[in-house]
Amino acid sequence: MSIAENIAQVRANIAAAAQAAGRNPGDILLVGASKMNDAAACREAIAAGIDALGENRVQEMTAKLAENAYAGAPLHFIGHLQRNKVRQVVGKAGLIQSVGSPELLDEIEKAAARLELTQDILLEVNIGEEAAKSGFPPAELFRGAQAALEREHLRVLGLMTIPPADASREENLRYFDKVRALFIDINEKLFHNSLRYLSMGMSGDYEDAIRAGATMVRVGTAIFGSRHYV
Ligand SMILES: *Cc1c(COP(=O)(O)O)cnc(C)c1O
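Residues numbered from 1 in each chain as written. Predicted model: local features only at pLDDT ≥ 70, side-chain atom pairs only at ≥ 80, totals over all residues. Heavy atoms only, no water.

Quick look at the overall build of the protein chain now. When its secondary structure is counted, the protein chain shows eight helices and eight strands. For 230 residues, the compact-globule formula gives about 17 Å, and the C-alpha radius of gyration of the protein chain, at 17 Å, lands near that figure. Along the first, second and third principal axes, the C-alpha atoms of the protein chain reach 45 × 40 × 30 Å. Counting all 230 residues of the protein chain, 50% fall into the buried class. (Helix = DSSP H or I, 4+ residues; strand = E, 2+ residues; numbered from the N terminus. Rg over C-alpha atoms; globule rule 2.2 N^0.38 Å. Buried < 20%, exposed > 50% of the residue type's maximum accessible area, 1.4 Å probe, protein only.)

Below, the structure is given as structure tokens:
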């Protein structure tokens, strides 16, 4: 199967899941998680109409930017972001999805101010409260969102989450529901219902995420094939 065929299949699955949930498929953005796939694969996905591409590693993103891999589609940063690499991402990625600590908010604010631009971000929620994972724990999300609102060069567009990898399907659905509830809550209380993006769901669970209200799914393997780690 080609990348274009895979994208068509994922789009069809998204449409079916949306319709089954009484939702408009057009309200769901498909982000291709292109880590470990080269510039040619990125261009193929863009030619096939992917809504955005998401990268995980700063070094890989920088190399592929130099190859013009993302021309014609928005670029998102979706991976763990170290504070000392923030300056390489701000202004390069149109949306940073993985902002999960007050320190990272500060660092991105500083870099965006220096460039005199507004950086769009999503707040990442560590819904499973995993020690090894980044993201705001649910209890700290409200304060994190307030802190982001106070930063002049940040614009929060929504939330992102990655549930624990070992969750059962039932547990996974409960995590999605919890993040959706947090989204509705902070959207109403802090953002005048202006937040648009609820980014959740990957190759194995994007249909469930759509049933739970996702408006953005990040799909890698189902589009690009399995990754070959070296
Ligand atoms: C790799 C990755 C994805 C996509 O994962 P697949 O299971 O290959 O679809 C989504 N989100 C993030 C943050 C990722 O790192």
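A word on helix α3 (residues 58–66). Every buried residue of α3 is listed here: Val58, Glu60, Met61 and Lys64. Looking down the long axis of α3, one finds its buried residues gathered within 160° of arc, a one-sided arrangement. For α3, the exposed residues set more than 90 degrees away from the buried face come down to Gln59 and Ala66. At its buried positions, α3 is contacted by α2 (39–47), β2 (52–55) and β3 (75–77). (Arc of directions from axis to C-beta. Contact = heavy atoms within 4.5 Å.)

This next bit is on the pattern of salt bridges. Applying the stated rule across the entire model yields 12 salt bridges. A salt bridge links Arg151 to Glu150; the nearest nitrogen and oxygen atoms lie 3.9 Å apart. Residue classification places Glu150 among the exposed positions, given a relative accessible area of 62%. The structure contains a network of salt bridges with shared partners spanning Glu55, Glu60 and Lys64. (Salt bridge = Lys/Arg side-chain N within 4 Å of Asp/Glu carboxyl O.)

Right, let's talk about the site of the ligand for a bit. Close contacts around the ligand come from Ala33, Lys35, Asn56, Ile78, Ile162, Met202, Ser203, Arg218, Val219, Gly220, Thr221 and Arg227, and that covers them all. One of the side-chain N or O atoms of Asn56 is found 2.6 Å from an oxygen atom in the ligand. In the environment of the ligand, an oxygen atom lies 2.8 Å from a nitrogen or oxygen atom belonging to the backbone of Gly220. About the coverage of the ligand: the protein hides 89% of its 390 Å² of free accessible area. Looking at the shell around the ligand residue by residue, the classes come out as five nonpolar, four polar and three charged. (Near = heavy atom within 4 Å. Polar contact = N/O pair within 3.5 Å; in protein donor to acceptor, adjacent residues only side chain to side chain. Areas by Shrake-Rupley, 256 points an atom, 1.4 Å probe, with all protein chains shown as cover. Nonpolar A, V, L, I, M, F, W, Y, C, P; charged D, E, K, R; others polar.)

With seven of eight residues buried, strand β6 (residues 154–161) lies mostly within the body of the structure. Crossover strand β5 (residues 119–125) to β6 through helix α5 (residues 138–150) is right-handed. Here three bridges tie β6 to strand β7 (residues 197–199), and the two strands are oriented parallel to one another. Within β7, the residue paired with Gly158 across the bridge is Tyr197. In this view, the connection linking β6 to its parallel neighbour β7 by way of helix α6 (residues 169–190) has right-handed handedness. (Right-handed = clockwise from strand over helix to strand, strands pointing away. Pairing = 2+ DSSP bridges.)

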